[in-house]
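These are the residues of each chain, in order.
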Amino acid sequence: MRKPIIAGNWKMYKTASEASAFIEEVKTALPDTGKVDAVICAPAVFLQNLSASVEQTGLKIGAQTMHEEKEGAFTGETSPVQLKDLGVEYVIIGHSERRQYFNETDESANRKVQSAFEHGLAPILCVGESLEQRESGETGQVVEAQIEKGMANLSADQAASLVIAYEPIWAIGTGKTATAEDANEVCGIIRNKVASLFSGETAQAVRIQYGGSVKPANIEELLGMEHIDGALVGGASLEAESFLKLLEAGANA
Ligand code: 13P
């Protein structure tokens, strides 16, 4: 049985005091974190405070991106060593917004995934097709290529512990969720691709999240699907009450 993983991606939202208030509320009301991995991926400026404030709770903190090098002259960037030192455990890699606005590619995502593993962080690798690609029937091909490039050079153990987030770009922040069946179909394509690149055993171990307008109202149906092991959530992770409902659904999945 794969353990569900619900991760909030706050993107560039919240002030420091709002972030702290959210964490204080959520950490005391967590469901059984033996049954669900609960992660908040916060803006880099909050990571130190938030990591310190979740110590001894089941809530984990993640970053939204990182640089692949451990240090260097890269103005404005954050390294995996710096994240690890703060107690950050997860890092989102290759989110479609990073690809769209910050020129990230499958190749840079792959370098970052490898670096995250090397430095003891758990990467969440994002893949997903655009509306145009979906409408022209290219979804399967697109995500397979993203998986093949994004998972290049990983060991079988690393591949098995990777979290993959399938986020169709047209469903992000639009209120248009993929149907549970459509999301499951693509997550199944991803799992088959992992099987062909590594092994059936690795594919059974890898956790695949769906992301794109996930809310308390639709999460149960999504998590009920065979290949969907969790959710990467933007908007509905910003309010403690709604994030807690998502975690509850994860713990009961
Ligand atoms: P929304 O849940 O706001 O659609 O965002 C999804 C997302 O991009 C999570 O990484």
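Summarised in this report is the structure supplied together with it. (Residues numbered from 1 in each chain as written. Predicted model: local features only at pLDDT ≥ 70, side-chain atom pairs only at ≥ 80, totals over all residues. Heavy atoms only, no water.)

### Some thoughts on unusual backbone geometry
Of note, the phi angle at Lys14 is positive, near 85°, even though the residue is not glycine. Along the chain, the position of Lys14 falls in the loop between β1 (5-9) and α1 (16-27). The exposure class of Lys14 is partly exposed, given its relative accessible area of 23%. Here the phi dihedral of Gln56 falls at roughly 70°; this positive angle occurs in a residue that is not glycine. Tracing the chain through its elements places Gln56 in the loop between α2 (47-53) and β3 (59-63). Gln56 gets classed as exposed once you look at its relative accessible area, which sits at 80%. (Helix = DSSP H or I, 4+ residues; strand = E, 2+ residues; numbered from the N terminus. Buried < 20%, exposed > 50% of the residue type's maximum accessible area, 1.4 Å probe, protein only.)

### Topic: the site of the ligand
What surrounds the ligand is a group of 13 residues, the closest being Lys11, His95, Gly173, Ser213 and Gly235. Between an oxygen atom of the ligand and a main-chain N or O atom of Gly173, the distance comes to 2.6 Å. With the chains in place, 94% of the 310 Å² that the ligand exposes on its own is no longer accessible. In this structure, the ligand is accommodated by the second largest pocket. Each residue belonging to the shell around the ligand can be placed in one class, and the counts come to four nonpolar, seven polar and two charged. (Near = heavy atom within 4 Å. Polar contact = N/O pair within 3.5 Å; in protein donor to acceptor, adjacent residues only side chain to side chain. Areas by Shrake-Rupley, 256 points an atom, 1.4 Å probe, with all protein chains shown as cover. 1 Å grid on protein atoms, 1.4 Å probe; cavity = no way out; pocket = protein on both sides within 12 Å on 5 of 7 lines; lining within 4 Å. Sits in = over half its atoms within 2 Å of the grid points. Nonpolar A, V, L, I, M, F, W, Y, C, P; charged D, E, K, R; others polar.)

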